[in-house]
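What follows is each chain in one-letter form.
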Protein chains: 2
Amino acid sequence: MPTDRVQLYDTTLRDGSQMEGISLSVEDKLRITRKLDELGLEWIEGGFPGSNPKDAEYFRRLPSLNLKNAKVSAFGGTRKPNLTCESDQNIQSMAAAGTPGITLVGKASMYQVQRILETSPEENLAMIFETVRHFKDMGKTVFFDAEHFFDGFIGDPDYALQCIATAARAGADALVLCDTNGGMTTPAMLRAIGAANDRVHDVRLGIHCHNDAGLAVANSLAAVEAGVWQVQGCINGWGERCGNADILTILANLKLKMGIDVIEDEQLARLAEVATFANELANMVPNPQAPYVGASAFAHKAGYHVAGIMKDENAYQHIDPGLVGNHSRVLVSELAGQRNLLMKLAEQGIDYPFSQAEIKQLLETVKQKESEGYQYEGAEASFELLVRRTLPGYRAPFELEDFVIVERRRKGAEGSQLGEMLAEAMVKIRVSGELEQTAAEGNGPVNALDLAARKALKPFFPNVSNLKLVDYKVRILDSQAATGARVRVLIESTDGVRYWTTVGSSTDIIEASWLALADALEYALLPG
Amino acid sequence: MPTDRVQLYDTTLRDGSQMEGISLSVEDKLRITRKLDELGLEWIEGGFPGSNPKDAEYFRRLPSLNLKNAKVSAFGGTRKPNLTCESDQNIQSMAAAGTPGITLVGKASMYQVQRILETSPEENLAMIFETVRHFKDMGKTVFFDAEHFFDGFIGDPDYALQCIATAARAGADALVLCDTNGGMTTPAMLRAIGAANDRVHDVRLGIHCHNDAGLAVANSLAAVEAGVWQVQGCINGWGERCGNADILTILANLKLKMGIDVIEDEQLARLAEVATFANELANMVPNPQAPYVGASAFAHKAGYHVAGIMKDENAYQHIDPGLVGNHSRVLVSELAGQRNLLMKLAEQGIDYPFSQAEIKQLLETVKQKESEGYQYEGAEASFELLVRRTLPGYRAPFELEDFVIVERRRKGAEGSQLGEMLAEAMVKIRVSGELEQTAAEGNGPVNALDLAARKALKPFFPNVSNLKLVDYKVRILDSQAATGARVRVLIESTDGVRYWTTVGSSTDIIEASWLALADALEYALLPG
C-alpha cells in the first residue's frame, strides 16, 4: 500500500552490509530481498555492482524472484573526475545491473570535494549533472544521495544546496539528504532541510540518517514531519559504525504513531519475523531491547509493573505487541501463555482434545525446554514432535541406541599448516525391534553422523534418500562460557515438497546437532 | 561541573536493573555508584529500599564511599491509599535509607489511578501531597516522578497537570515527567511539556524517557530544548523492555553537540570506560553499535570510506573518538584494498618495512583466507599472526602434531530421551623439539580439546593457566550445504589485561575450533 506521503527505501543490502561482522552471501541477499518485498517496502537498494562480483551475481539472479511490491535499485558513485560516463567502468557496471532504479551517491560538501575527492567544486557539479542525466536518458528512476549534505551545509550552505539543485536540474527523481557521519542533532538537521525545501521546489526530498548520536530514527521522523518524502534505513539498524536508521522502527512509528499507512496491517504483523529472519541469516546476535521487535520489547519484570498488567495488559506497554508480530512475556501471566500454546496447536493442525491439565503440563514442558536453550519459534517441526510425543499411542519411527564419533587430525606434510582431518561416525539404530549398526565418514563429525544415520535407516525407509538438509545453523547461547558454552542448532530439511525446521540444544555441539538431526528424520518418517 | 541549565540524574541502579538479564549485587551497585560519581553526575538513584533487603544493605554501606560529586536518592512510591505516611512501611524504609534525596513515584494518569491503583482521583492527589510534604518536612530534596504523565495527559490533560501541580504545591524540588510506557513521539511529548510549563511556574521540570519507540535519547534532548532541567537515564540504555534513555549518549550530545557543559572534558574522556565497566560488572554483552562508546562506533569498513580517512581521519566520523575515550578502527574485509591493510598494520604496531610486492602478497593471502571463510575484521590477533608468520625469523611457540577426539553417546535409561554423552580428546604437541602427549575429557569435543591442549602446554608455559576464553562464536557460512557446510569459529581470550580475538574456518567444526584455539594460544605465548 504505497502512500504518496512517504516512500520507504531499504539499504540493508548495501549500507547495512557495511556493519562490522556482517557478510552476506548472494543467497542471503536474495532471501532478504524476498522478505523485504513481502513486508511491502517500495524500494530495495540491492548492492554496489561495481564493487564486487558477489553483487553482480545478485543482480543477475534477481529477476528470478518475481518481486510483487518492491523495485530494486543499483548503487554507485557519480562518474569519476575527468572521465565521461561512457569511460567510467563503475557507471557501466551499474547500467549492466539492469535495475529500474539507480541510486547515485555524490558529494554535497565543499570540504569533501576539495579535501577528499580532490577535485574542483565545478567538476563535482558537472559529475553530478552528467551522471544523473546519463541514467535519466536510459529511462531509469534516479535517486541522488547527497553525501555529507548536512555537514556540507554547515560548512558552506550555498554549495551544498547547489549540489542538490544540480541533481534536480538533471532530472533526479528524489534528492536524498544524507547525514553520512551521523552526528546531526534534530534542530541542526531541520534547519538544513528547511533550506533545501526553500531551494528546490519541484523534486522531492529523501533522508538518510546514521545513528552516531543515537538520533537516527528521531531525525528520520522529524524529516518526515518537515515534509520529506523518501526515508532510507536498514533492517535492525545495521550499518557502518553505529548503524543506519532502523527501518523497522521507523515503519512501526509511521504507521502506529503518525497514522501514515506505509504498509498493510498484515504486513506490519510480520515485523518481528523480518527482524529475526535477518538476524538468523546474518548470524547476528539479536538486540533484545530493539523497539517493537526485540525479545524484551514487551517483557515485564518489575513487580509493580506485573501487578498492573494483571489488571490490564496494556498498563505498561505502548501498543498491542501483536500488531508488530511480537508478544508480551509476563511470566506470571499463565493465561497469555496458554492462549499462545492453543493458537500454536491450531496453527499446526493438531486437533487432539487436550484437557486443561494437559495443556498446563505441555506449557510446563515447553518452558523447561526453553530454559535448556530450546527455542521453538523457528522450529515448528520439533514443537510438533514435542506435542505428539505426549499424545497416547505415539510411537517414534526409530530409536538411536548409541553413536561413537572419532575424529583425527594428523600432522601435515612439512610446510603445510593443516594436517589431514578424518571424521567417522558409528551408529546403532533400532526400528520396530530390529537393530541396524553401521558407520560412515564425513567432512566433519556432524556430517559423518548424518550420513551414518541415513545409511542405517535406508533398509527400513527407502525414502530417506529423498530427504535433503537445506540449512544448518549454530548459535552459542551463553557465549561467555567459551568452549564450555551451551549451543543451539537449527536444521532445515525438505523432501522436495515440504520444508521443516528442527532444533537441538546442549553444551556439546555434536549432541545438539544430533538432537536436531534426529527430529528432522523423525518428522520426515512420521506416518502421513 | 554542575550547570544550572541541566541536571543529570542516573537511575541505572533502580530502573536500569529492571532490564532482563541484569542482576546486580550490593558490591556491583557500590562500584557503579563510585564510577558514576567519578564521571561527574549530580544525582544517583540508589535503589528501592522498601522492595528488597539488597537495596537496604546498599544504603547502609553507601556512606563509606565518600562521594565527591554525586548525591544519592532513595526511590519509592507515594503512600498507599488510605494509609498515613507514618503507617506506610515503604515510606519508613525510604526515610531509613538516610539519603539526601527522595524520589517519589506517583500516578499522573486518571486511567492508571482508577483502573490500576483502584482509588479515587482525590485520594491520589492527597497521596502525592502528603508524601511530598512528609519528606520535605524531613529536609530532603524531593523529586516527584510523575508516572504515566504523558499517556495521562493525552487521556485527561487537566488531571495529569493537577497531579504535578499538587506535588509542586507540597514543595517538590523537581517534577519529573515520565514516559513510562516509552511510546511518545517527540511532537506529542513537546505538547505535554508545553502545557506543564504553562501550568507550573515555580518548580523545575525533569524528563524520564523509555525507548519503546526508539526515541528516548531524542525525546530527552527535545525536552531540554524545551527548557526541562533534570534529565534521567541509565548507563548503556539499560532498563525494562527496550530500556531507559541512554544517559551516556545524552551526556555526550549535551556536551559535544549542544554546548552544555554538564561534566568536565576529562570526565567525558572516560565515557567509553564507564560503558565497558558497567557491562563487565553486569555481565552484559556490549552493544558494538552504541553511539560514542561502542566498539564499532568508529570502525570503518567500506573501501571508499577508508580511502577518505587516509586523507583526513575525520572524513567519516562526527567527532574525534578520543573525546569520549574511544578510538577509530579500520576493518579488514573483502570489500577493502591495500589501503585498509596498510592502515591496519600501522594500527597493530607492526612496523616491518614491507616492500610493495610483499604487501601485494599479503593482500593475496588475506583474500585467499577470506575465500576459505576466514574473516579478520573481528579477529585482529589472527590477522597479526598471519602477518608475523610471513616475517623472516618467526617461530611459532608450539606445534600441534596430532589430535584424536572420541565422542560417545550411549542409550539412556528406559523412557529418557537423552543418553549419556562422553567427549574426550588426545593431543600431541611439540615445543622446541620436545613432544608432549596428553588427554582430557570435556563437556563437548571442543571443550575437551581446549583442556587437553592447555594441559600439554602447561609444563612449558606455566602462564597458560591464566588464560581465559571469554567468548566462542560459530557461524555457518554456506548454511545451505547443511551438515556439510563450512563454519567459521571466533574465539575471544584474555589474560586478565589484554583481550584478543582469533578465527578458524573449516567444513569441520572441530577443526575450525582448533584453528581459532591454536591462534588464541599462540598469540598469548608470543614472546613480548
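Draft legend 1. Seen up close, the domain arrangement of chain A. When the domains of chain A are assigned, the result is domain 1 (7–21 + 73–261) and domain 2 (399–524). Just the C-alpha atoms count here: the centres of domain 1 of chain A and domain 2 of chain A sit 48 Å apart.

Draft legend 2. Region of interest: the interface of chain A and chain B. Taken together, the contact pairs 118 residues of chain A with 117 residues of chain B. Interface area, chain A with chain B, both sides summed: about 9900 Å², of which 48% is carbon and sulfur. Seen at the junction of chain A and chain B, the total is six salt bridges. The salt bridge partner of Arg 115 of chain A is Asp 312 of chain B, with a shortest N-O separation of 3.4 Å. At the surface where chain A touches chain B, the tally comes to 33 residue pairs in polar contact (both at pLDDT 80 or more). Of the residues that constitute the side of chain A that touches chain B, the class distribution is 46 nonpolar, 38 polar and 34 charged. Bridge count for strand β9 (residues 399–410) of chain A against strand β11 (residues 399–410) of chain B is seven bridges, and the pairing is antiparallel. By the bridge assignment, Ile 405 of chain A is partnered in β11 of chain B with Glu 407 of chain B.

Draft legend 3. Fine view of the side chain of Arg 241 of chain B. By secondary structure assignment, the location of Arg 241 of chain B is in the loop between β8 (230–233) and α10 (247–257). A distance of 3.5 Å separates the side chain of Arg 241 of chain B from the backbone oxygen of Tyr 316 of chain A, its partner in a polar contact. Setting aside residues up to four positions removed in sequence, Arg 241 of chain B forms contacts with Gln 289, Ser 296, Ala 297, Ala 299, His 300, His 305 and Tyr 316 of chain A together with Thr 180, Asn 181, Gly 182, His 210 and Asp 212 of chain B.

Draft legend 4. Representation of unusual backbone geometry within the structure. Residues and elements named next belong to chain A. Notably, His 148 is not glycine yet its phi reads approximately 60°, a positive angle. On the secondary structure map, His 148 appears in the loop between β5 (141–147) and α6 (149–155). If you check the backbone angles, Arg 241 has positive phi at about 60° while not being a glycine. Looking at Arg 241, the relative accessible area reads 2%, which means it is buried.

Draft legend 5. Summary view of the sheet that holds strand β15 (residues 487–494) of chain B. Residues and elements named next belong to chain B. Read from one edge of the open sheet, three strands run β14-β15-β16, paired in antiparallel fashion. Across the chains shown, the open sheet's two edge strands, defined by having one partner strand only, are β14 (468–476) and β16 (499–506). Averaged over all neighbouring strand pairs, the angle between strand axes comes to 15°, with direction disregarded. Relative to β15, β14 is paired through eight bridges, and the arrangement is antiparallel.

Draft legend 6. Inspection of the sheet that holds strand β10 (residues 420–431) of chain A at higher detail. If you trace the six strands from one edge of the open sheet to the other, you get β11(A)-β10(A)-β9(A)-β11(B)-β12(B)-β13(B), paired in antiparallel fashion. Bordering the open sheet on either side are β11 (434–442) of chain A together with β13 (434–442) of chain B, each of which pairs with just one other strand. Within the sheet, the average angular offset between the axes of one strand and its neighbour, ignoring direction, is 10°.

Draft legend 7. Fine view of the packing of aromatic side chains. As enumerated under the stated definition, the model contains 20 aromatic pairs over all chains in all. With centroids separated by 5.6 Å and ring planes inclined at 85°, the aromatic side chains of Tyr 9 of chain B and Phe 143 of chain B adopt a geometry described as edge-to-face. With Tyr 9 of chain B in strand β1 (residues 7–10) and Phe 143 of chain B in strand β5 (residues 141–147), this residue pair connects regions lying 134 residues apart in the sequence. Site record: aromatic cluster; members linked through ring pairs are Tyr 9, Trp 43 and Phe 143 of chain A. Sitting over the face of the ring of Phe 277 of chain B, Lys 35 of chain B holds its NZ or CZ atom 4.5 Å from the ring centroid.

Cut-offs used in this document
- Residues numbered from 1 in each chain as written.
- Chains lettered and ligands numbered in written order.
- Predicted model: local features only at pLDDT ≥ 70, side-chain atom pairs only at ≥ 80, totals over all residues.
- Heavy atoms only, no water.
- Domains from an automatic or database assignment.
- Contact = heavy atoms within 4.5 Å.
- Buried area = accessible area lost by both parts, 1.4 Å probe.
- Salt bridge = Lys/Arg side-chain N within 4 Å of Asp/Glu carboxyl O.
- Polar contact = N/O pair within 3.5 Å; in protein donor to acceptor, adjacent residues only side chain to side chain.
- Nonpolar A, V, L, I, M, F, W, Y, C, P; charged D, E, K, R; others polar.
- Pairing = 2+ DSSP bridges.
- Helix = DSSP H or I, 4+ residues; strand = E, 2+ residues; numbered from the N terminus.
- Buried < 20%, exposed > 50% of the residue type's maximum accessible area, 1.4 Å probe, protein only.
- Axes fitted to C-alpha atoms, helices over the stretch in contact; angles between N-to-C directions.
- Phe/Tyr/Trp six-rings, centres within 6.5 Å; stacked < 30°, edge-to-face > 60°.
- Lys NZ or Arg CZ within 6 Å of the ring centre and 35° of its normal.

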